[in-house]
Amino acid sequence: MLGQFDICRPGSVAEASAVVAERGDDAVFYAGGTELLILMKERLLEPALLVDIKTIPGLDAIALDPGGRSLLLGGLATHRAVERSPLVREVLPELAAMETAVANVRVRHAGTLGGNLCFAEPHSDPATLLIALDAAFTLASASGARDVPAADFCVGFLTTVREPEELLARITIPLPGAATRVAYERFKTHERPDASAAATLTVDDGVVTDARIAIGCVGERPTRVPEAERALIGQAPSPDAFAAAADLVRDLVEPTEDPFASSDYKRHLARTLTLRALARAGAADGGTNGR
Amino acid sequence: MSHATTAPASEAVGRDVPRIDARIKATGEAKYAGDLVVPGMLYGRVWRSPAAHARIVRIDLNGADRAPGVVAVLTGADLSDIDPRYGHALKDRPLIAIDTVRFAGEPVVAVAAETQAAADDAMALIDVEFADLPVVATIDAALAEDAPHLHDTAALTPGLFHGLGKLTLEPGNVCYHHAFARGDVDALFAAADIVVEGEYEFPAVYQYAMEPHTTIAEWISDDEIVVHSSCQHPFLVRAELADLFGVPVANVRIVVPYLGGGFGSKSYTKMEPLTVALARKAKRPVRIANRVDESMVTTRRHGMKAWMRTAATRDGTLLAREARAWFDTGAYADNGPRVVATGADAAPGPYRWEAVKVDAWGVYTNTSPAGSYRAFGATHLQWCGELQVDEIGRRCGLDAVAMRERNLLEPGESVRPGGKPLDADLKGDIRKVAAALDWDAPKAPHVGRGVSVGLLAAGAHPVSTAFVRLEADGTATLLVSTTEVGQGARTVFSQIVAEELAMPVARVKVPGGDTDKTPYDRSTGASRSTTLAGMAVLRAAREVREQLAAIAARVFGLPEAAIELRAGAAWHEGEAVDYPALIAAHFGMVGGELMGRGEVRPDKGSGSYAEGPVFWEVCVGGVEAEIDPETGQVRLRKVVTVADVGKALNPKLVEAQEMGGSMQGIGNALYEEMLFDPHTGALQNATLFDYHVPTFADLPDAFASNIVENGDGPGPYGAKGVGEGALAGTTAAVATALADAGAVLDALPATPERVWRALRTRRDAAAD
Amino acid sequence: MAVETTAPAQAPALRLLRMTLNGRPVELEIAPRELLLPVLRDRLGMKGAKLSCDVQVCGACTVLLDGVPVSSCTTLAYEADGKSVETIEGLAHDGRLHPIQAAFIECGAFQCGFCTSGMILSTKALLAETARPTRDEIAAYLSGNICRCTGYWNIITAVEDAAGRLAGDGEEEGA
């Protein structure tokens, strides 16, 4: 049974933010509750006020920006909505595919993308892919809004740069160009993923001109591996080049110690998944890109 | 082979009769312990120790006992008027911690309140000061020379149902030692062409019955106890409660609703003593419904480490096996001694040995207590022995099937001296598995095929009783105390009654167990219910049948031989008198009932119950597995089991046991492992986030079960039990299949990391 | 009401929960902290949904909220306000089983029955979305519902069978 708390239902982002700002640690934003309520049941978190943001209009929209260059996801879009969105399936099918294997259908129906990202559970899928996609998160509060690159958002175990009164209102994902392909690979033996790798690869005239590699779940937070990305630039998208990049990933990731798998094996998994993601993103018929 | 119990042309038995509880389970109407509300019932919650080994210095309730809604708070101090120790094997466990805690999760304070919320809220107030004692969280730590002792073992007294002969314990952390030997093991190993030796580890596993342990207890008039509980063995719980609280057995009533799965987790006594003690303190009925993390530290499967070696000639004839196994029983023995003995029995495997030597020990550690889980013992050791048989085969050029053709026991051969000879055709079973796996077909890289065969001493103690009442309207009520855990026992029993009384299954009612109303049954487990309770049911029904025949003879004025019972009536040459009319004729009014009583004892029946075990349950499996060499992840392409059941009274329910048992075997083989911190003893994966129970996503690509009906069982119509063999057989076959694919494991579960390492070890060895 | 007697002094005000439960309007006062599962089970007598894992993994507590499957163990009762809740008790009508229930019975899709309510309701949500799911689609959708007894095979068969019944296959035989 949960401890005692009250619920309020603000009508706007400004109002919601103002409530949290005023109540301090006493109040938290509440959306899908998929992570929050479990911690509250364990009484690891005991907020006095849940600020229900689900009914704030517009926060669950899924749309293209007016120029059609970016996909805009409201922070309150649920995993299930992203998974099933015809628009997402059309313009960024890898994102929809990633969502199909998040937890189970009940969690995907209830859980929001924004909630998932703000919770920053390391064993989670979306952040890793969004980092590789160079997404930006819009944090809104009563005093305005700021954009944070996805790669800079999570700074540690269950920790982000978000201030308590800031609400993750929007995720902006620049749509990959025709020459860019995206692949997300996960490895999962428990309810939550054990390791994941996301890669975007832009190949121009047989040469990699841009690459982003993000590794999730093995460390305290999902991270890019710039050294591995740099190693690919200027190379032909070949198995050797991918292997060299994947070796760098193996050497540079910082695995967390836990009873479930050794650091050794986690490094190996990071390498293997990177290799698979790169191979898929680098293959003519593999990976996915824009329309 | 002929059986006195073989019935003529079957109307009800041997058919896929739908479960008699199907409808109420599909509509949500079936009642489980947590669905029941007793008038005046309070809600309990247990404050459990975070420390694995510590002295309790001070319990500070901080007003929990005066908090709104709280009615009673129980601590060890409330039990000074009774001996609070219980345990059916060893009385080593206080029903709530007294002075000392021995595992993280041990109950220290119990609260009863008007609502669950109030009981839960009270938990936050309680504060307990501990003085840490050294923690022994592993078998090795517990057996170390200078290890602290969890119990004063020499002073422990046997429980009511230890069933293990004379129990004498040395000081230390060993709660049981089981050993047997025959033949000259040392000489055979010294002279053998091939010797394979290995060390193995098997994990602690949680049964994960979907329904956590739930008990409602009432304490009435100071000497009467009524309990509704999710328990598999109500009569053993009744006896232990009577013993603990010093009341007559007849004053303890255990009512068992439907169980949301058991698999051994609800065998023997679990949360009942604590709930009764809390109700006694509160003077009100109390319910304690465990949360899953609490049930995970209430019982589990034993983790095990073992050493084993096997000797053979160069032509692949097995000669001798020696094994030592240590079972981690946690802080209290629970069913540990029996698990140790059964594991030792399973260690040799069903082969023709010139010599065997087996030693097995139960070891106390500061972890949660371990007890029964489906196919215990066999699951622990079958995979080790089968890996060694296959390794010998590899060295002498015989494949796994040929090795078993050469060495398996034949029906009638001795399995162990003084025990029941083999009552199954194991070679025939293995041939079926091999055929289903398309054994000789070429294999792709990283694909392996494996078989496994083992025996499990099944049946537990052969004591069961039953009453059949044929009511005045011709319907029957069967009173039997077997717990319906989902296996379908009530359905099979109704088929037996229908068969014997020549009436439709739908007219047989089988209410749940209630020790005030339904007669004694030793337990529900060890694959015993169809074989033993089923035989008591058959005998009870047959008594009624005899009465019907006698009444009919009087009604017709003919000898009994001239009368046939069929379709709910007595018949003579086209003339029928139905059962209601016979009963009315007998009593001279519309009313009354015919009653039959059946019992099973060791010295009765087909003459074989006295000779243990009741039957040898066959544990046969076959697996085709594919390994992803880059990650070590295993995909099962096919799983095959054999249900060697003598006679399938309900083939669909037999197949259901195989499907479910094999899936649990897959979980044990590939995923499931309770991780205790080796230093603190705390369980690190007490939720389904981190403890993986197989889901739809883990299904093999294909599954096939073979039902073998050789009529060679000691139960009704030649039946023998089913339910456990598929688990042990599948677990071992996963291990042998992985070995065939190149990953020879010395520890389960075969996590991707372990498989990946095993492949690398082999690759490195090949490179040397 | 039970909650009032146990709530500490600072307990927040109760709120009115208005929902449709199995087609019938229901109105009751709830504390904000009340979860949907105990409200359904203990206050409204709908015992079919069960508590097992308590962390949204096992699916034993699944009920449908406006047709969408939710884990009622980790859903605030507050979320049901203004919505329709469907539990296993709402499936059979006038003694006639829902085709999914009939299929589960016929195919032997349960043993202990503890997961069955959730499994059947998840199936209902699946079939509302995908009338004729493949075996892979069934396994994927139901992978959030754990059954420890059956090994799942008969459940997959039952879902296929139920899809056929709902699509009217064999209607003439009275399926």
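What counts and how
- Residues numbered from 1 in each chain as written.
- Chains lettered and ligands numbered in written order.
- Predicted model: local features only at pLDDT ≥ 70, side-chain atom pairs only at ≥ 80, totals over all residues.
- Heavy atoms only, no water.
- Helix = DSSP H or I, 4+ residues; strand = E, 2+ residues; numbered from the N terminus.
- Buried < 20%, exposed > 50% of the residue type's maximum accessible area, 1.4 Å probe, protein only.
- Areas by Shrake-Rupley, 256 points an atom, 1.4 Å probe, with all protein chains shown as cover.
- Lys, Arg positive; Asp, Glu negative; His and termini not counted.
- Charge placed at Lys NZ, Arg CZ, Asp CG, Glu CD.
- Core = buried A, V, L, I, M, F, W, Y, C linked by side-chain atoms within 4.5 Å.
- Contact = heavy atoms within 4.5 Å.
- Domains from an automatic or database assignment.
- Buried area = accessible area lost by both parts, 1.4 Å probe.
- Salt bridge = Lys/Arg side-chain N within 4 Å of Asp/Glu carboxyl O.
- Pairing = 2+ DSSP bridges.

Enquirer: Could you clarify how one ought to interpret the overall build of chain A in this entry?
Expert: The helix and strand tally for chain A stands at twelve helices and 14 strands. Based on the C-alpha atoms only, the size of chain A along its principal axes is roughly 60 × 50 × 30 Å. The buried share of chain A, reckoned over its 291 residues, is 56%. As displayed, chain A offers around 11,100 Å² of accessible surface, 50% of which is attributable to carbon and sulfur atoms. A distance of 5 Å separates the average location of the 29 positive side-chain charges in chain A from that of its 40 negative side-chain charges.

Enquirer: Explain the nonpolar core here, please?
Expert: The tendency in soluble globular proteins is for nonpolar side chains to be buried side by side. Of all hydrophobic cores here, the largest spans 139 residues; its most connected members are L738(B), F104(C) and I155(C). Considering each element in turn, this core owes the most residues, nine residues, to helix α16 (residues 725-740) of chain B. Residues within four places of L738(B) in sequence aside, it is in contact with A625(B), I627(B), V634(B), L670(B), A743(B), L745(B), A750(B) and V755(B).

Enquirer: What am I meant to see in the domain arrangement of chain C here?
Expert: How big an interface is tends to be stated in terms of the accessible area lost upon association of its parts. Residue and element names in this part refer to chain C. One can read the domain layout of chain C as domain 1 (2-90) and domain 2 (99-168). Taken residue by residue, the interface counts 17 residues in domain 1 and 13 residues in domain 2. Together, the buried faces of domain 1 and domain 2 total about 1,100 Å²; carbon and sulfur atoms form 62% of this surface. On inspection of domain 1 and its partner domain 2, the count reaches one salt bridge. A salt bridge links K124 to E86, with the shortest nitrogen-to-oxygen separation between them at 3.1 Å. Considering each element in turn, the side of domain 1 that touches domain 2 owes the most residues, three residues, to strand β3 (residues 62-65).

Enquirer: How should I be thinking about the sheet that holds strand β25 (residues 593-600) of chain B in this particular structure?
Expert: Residue and element names in this part refer to chain B. The strand order across the open sheet formed by four strands is β21-β20-β19-β25, and the pairing between neighbours is mixed. Either end of the sheet is taken by a strand with one partner, and the two such strands are β21 (508-509) and β25. The pairing of strand β19 (residues 464-471) with strand β20 (residues 476-479) spans four bridges and is antiparallel. Paired with V468 across the bridge in β20 is L478.

Enquirer: Help me understand the pattern of salt bridges, please; the structure alone is not making it clear to me.
Expert: Proximity of charged atoms lets side chains of opposite charge pair with each other. Residues and elements named next belong to chain A. This model, assessed by the stated rule, comprises 90 salt bridges over all chains. Measuring nitrogen to oxygen at the nearest pair gives 2.8 Å for the salt bridge that ties E83 to R108. Of the two residues, E83 is situated in helix α3 (residues 79-84) and R108 in helix α6 (residues 105-110); the sequence distance between them amounts to 25 residues. Each member of the pair, E83 as well as R108, carries the same accessibility label: buried.

Enquirer: Explain the domain arrangement of chain A here, please?
Expert: Residue and element names in this part refer to chain A. Taken domain by domain, chain A consists of domain 1 (6-52), domain 2 (62-174) and domain 3 (180-282). Here domain 1 and domain 2 have C-alpha centroids that lie 19 Å from each other. If you look at the interface, domain 1 gives 14 residues, while domain 2 gives 15 residues. Interface of domain 1 and domain 2: buried area, both sides summed, is about 1,000 Å²; carbon and sulfur atoms make up 78% of it.

Enquirer: Mind showing me how you'd approach the pairing of strand β10 (residues 167-174) of chain A here?
Expert: The side chains of a regular strand alternate, first on one face of the sheet and then on the other. Residue and element names in this part refer to chain A. With respect to burial, β10 is a largely interior element, six of its eight residues being buried. In the sheet, strand β5 (residues 70-74) pairs with β10 via five bridges, with the strands oriented antiparallel. Note on β10: the bridge partner recorded for S70 is P174. When strand β6 (residues 136-141) meets β10, the two strands line up antiparallel, connected through five bridges. Residue pairing in the sheet places A140 in a bridge with L167 of β10.

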